[in-house]
Amino acid sequence: METLFLTIVNMSITATYILVCVLLLRLPLRRAPRWLSYTLWLPLMIRLVSPVSFSASFAVLGRLISTPAGPVGIQYIPPDIGQHTQPRIDTGMPGINQIINPVLPAEAVPAGVNPLQFMISIFACGVISYFRLKRKISTATNISGQIYESDEISTPFVCGFFKPAIYLPVGLNARDQEYVVKHECAHLERFDHLVKPLAFIVLSIHWFN
């Protein structure tokens, strides 16, 4: 379990470098279409869940840091760091290494950490919450096309993966309902109903981040 946790931490560190690059790229693209924003964030999401190292393919990232490669990808934190009398990490940036390494304790990784247990617990909570919500809106009334109204909810949202629908709380006046539906349709057009579950899976893996 320790090895699994350190693998995920190493993936997370690489993702941090990609995050900085994405944030810098977003500055001149603030008025660009939203789909471009999703495209920029995609490499970050892939890096967070992929154990295979691909950061070398990012030319900018490769120039900024010297990535310490291991047998299963980049290893900023060695898998046996907890056994070192003087534990050291290699972030690829000497300045950061000089700040972190002197303060690392002899046992850098707690023996009781069980990342798989955390992942399963978070994912299970998400699945249970989703099915509870589906049961709550099962009595919703169809008012038009893929738009439903329910007295069991207090806020509007989109629900469903393959056949997403818009759910509205009962009591919205005609003008508010029109604006809310347009807002939720924008979520559908951007495929948020698919992006958000993927983001939740990433969160389940990186529960500590």
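Before any of the text, the structure's been laid out above.
The model shown is predicted, which means the values in this text are computed figures rather than measured ones.

## Some remarks on the overall build of the chain
On a plain count of helices and strands, the chain comes out with seven helices and six strands. In the chain, the succession of α and β elements from N to C terminus is α-α-α-β-β-α-α-β-β-β-β-α-α. Across the 209 residues of the chain, 31% fall into the buried class. As displayed, the chain offers around 13,500 Å² of accessible surface, 64% of which is attributable to carbon and sulfur atoms.

## Examining the packing of aromatic side chains
Applying the stated criterion across every chain yields a total of four aromatic pairs. Centre to centre, the rings of Phe-157 and Tyr-167 are 5.8 Å apart; their planes meet at 25°, and the pair counts as stacked. In this pair, Phe-157 sits in strand β5 (residues 157-159) while Tyr-167 sits in strand β6 (residues 165-169), placing the two residues 10 residues apart along the sequence. Both residues of the pair, Phe-157 and Tyr-167, belong to the buried class. Within the aromatic cluster, the residues linked to one another by ring pairs are Tyr-130, Phe-131 and Phe-161.

## Notes on the packing of helix α2 (residues 34-49) against helix α7 (residues 192-205)
Where α2 meets α7, the closest approach of the two axes is 10 Å, and the angle between their N-to-C directions is 35°. Judged by the twist between their axes, the crossing of α2 over α7 is left-handed. Contact residues: Tyr-38, Met-45, Leu-48 and Val-49 in α2; Asp-192, Val-195, Leu-198, Ala-199, Val-202 and Ile-205 in α7. Of the residues contributing to the contact of α2 with α7, the split by class is nine nonpolar, no polar and one charged.

## A look at a nonpolar patch on the surface
Residues Phe-123, Val-127, Phe-131, Leu-198 and Ile-201 make up a contiguous nonpolar surface patch of about 460 Å² in total accessible area. Those elements giving two or more residues to the nonpolar patch turn out to be α5 (115-136) and α7. Topologically, Phe-131 is positioned in helix α5.

Definitions and cut-offs
Residues numbered from 1 in each chain as written. Predicted model: local features only at pLDDT ≥ 70, side-chain atom pairs only at ≥ 80, totals over all residues. Heavy atoms only, no water. Helix = DSSP H or I, 4+ residues; strand = E, 2+ residues; numbered from the N terminus. Buried < 20%, exposed > 50% of the residue type's maximum accessible area, 1.4 Å probe, protein only. Areas by Shrake-Rupley, 256 points an atom, 1.4 Å probe, with all protein chains shown as cover. Phe/Tyr/Trp six-rings, centres within 6.5 Å; stacked < 30°, edge-to-face > 60°. Axes fitted to C-alpha atoms, helices over the stretch in contact; angles between N-to-C directions. Left-handed = near helix turned anticlockwise from the far one by under 90°. Contact = heavy atoms within 4.5 Å. Nonpolar A, V, L, I, M, F, W, Y, C, P; charged D, E, K, R; others polar. Patch = residues over 30% accessible without salt bridge, like charges linked within 9 Å, V, L, I, M, F, W, Y side chains within 5 Å. Salt bridge = Lys/Arg side-chain N within 4 Å of Asp/Glu carboxyl O.

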